[in-house]
Amino acid sequence: MSSVTMAEHAGFCYGVKRAVEMAEQAASSGKRCVMLGSLIHNDSVVRRLESMGLTSVSKPEDVPEGATVIIRSHGEPKAVHEALSARGEILDATCPNVSRIHKIVAEAEQAGRQPVIIGTPNHPEITAIAGWCTHPVVLADAEELEKWLDKDSENRKKPLTLVSQTTAARKSWDLCVEKAKKECTNLKVFDTICSATCKRQEAAQALAAKSDAMIVIGDRKSSNTRRLAELCAALCPQVLWIERAEDLEPSNLYGKASIGITAGASTPGWIIKEVYNKMSDEIMEIEESFAELLEKSI
Ligand code: F3S
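Since we're looking at a predicted model, the values are computed, not measured.

### As for the state of the cysteines
A complete count under the given rule lists zero disulfides for this structure. With no disulfide of its own, cysteine 176 has cysteine 184 as its nearest cysteine by sulfur position, at a separation of 11 Å. Looking at cysteine 176, the relative accessible area reads 0%, which means it is buried. Here cysteine 236 stays unpaired: no disulfide links it, and the sulfur of cysteine 232, its closest cysteine neighbor, is 7.0 Å away. Owing to a relative accessible area of 5%, cysteine 236 belongs among the buried residues under this scheme.

Pasting the structure below:
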């Protein structure tokens, strides 16, 4: 008999929940409200908010005059905030943990320090953080940090302020900190990995280590979901990354005694529930039909 277990921490984090609630309130306020970019990295949630009356725009110039604009949980660069406030009211759904990083890098630069941001280049959160300083250095990992330090001998002597993407993998960030501490003479480190991310990763890893297969639920654009899938793949022989219950082919899990489920920070509870129900029902069906087949063949 297969067992299906949910990871202890999975799905919506505090920042995503807050952003979605702010958007839902805006939708029911009767005011004209638009979302700039994807509020969170989950198309199903964004489509649901659109069905409640919110519209999506991709550029600040597309925000209609007088409309209230909702800034997504990943945040936006300072220039975007300025452009938007000139057009109308802003509803800032940036996760407070991300806003804190904006403040750290802006203050570091004002104090004559070089902000070094460790994260995925072009990810919206990183683009937004970089947009709160004028000369940011964005590096993906310890390897890139090493290359940057080697590029100019002065880099090691500069006053550096190191911050991380909130959803970075702990191990990768620790390597960056270790390298920077060893090689740089004037360093300030701000551990800006979100505790919700750490808890979700640790719970997923603990479950993956004792499961025959793991299902990771989350949007393909979600980098924290991608990290969950990578971390699980290092510990579990089979990892299926799906966005919705309909993506799941239960026969792929046939014969697995223990199946774990985890979900990225932008995956809503109703999608997790759909997957869990589908798993529980269909696995049971598969097992029953297999038992029948066995009986017939004996
Ligand atoms: Fe915020 Fe952490 Fe979620 S930074 S958006 S609470 S993963």
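### Quick word on the site of the ligand
Within the structure, the ligand sits among Cys13, Gly15, Cys95, Asn97, Thr166, Cys194 and Thr197. Of the residues in the shell around the ligand, the class split is three nonpolar, four polar and no charged.

### Comments concerning the pattern of salt bridges
Think of it this way: side chains of opposite charge can pair up when their charged atoms draw near. Enumeration over the complete set of coordinates arrives at 16 salt bridges. Across the pair aspartate 174 and arginine 170 runs a salt bridge whose closest N-O atoms are separated by 3.6 Å. With aspartate 174 and arginine 170 both in helix 7 (residues 170-183) and four residues apart, this pair spans about one turn of that helix. Overall, aspartate 174 belongs to the partly exposed group, its relative accessible area being 37%.

### Considering unusual backbone geometry
Notably, asparagine 122 is not glycine yet its phi reads approximately 75 degrees, a positive angle. Locating asparagine 122 in the fold gives a position in the loop between strand 6 (114-118) and helix 5 (124-130).

Calculation rules
Residues numbered from 1 in each chain as written. Predicted model: local features only at pLDDT ≥ 70, side-chain atom pairs only at ≥ 80, totals over all residues. Heavy atoms only, no water. Disulfide = S-S within 2.5 Å. Buried < 20%, exposed > 50% of the residue type's maximum accessible area, 1.4 Å probe, protein only. Near = heavy atom within 4 Å. Nonpolar A, V, L, I, M, F, W, Y, C, P; charged D, E, K, R; others polar. Salt bridge = Lys/Arg side-chain N within 4 Å of Asp/Glu carboxyl O. Helix = DSSP H or I, 4+ residues; strand = E, 2+ residues; numbered from the N terminus.

So yeah, pure geometry; function would need other evidence.
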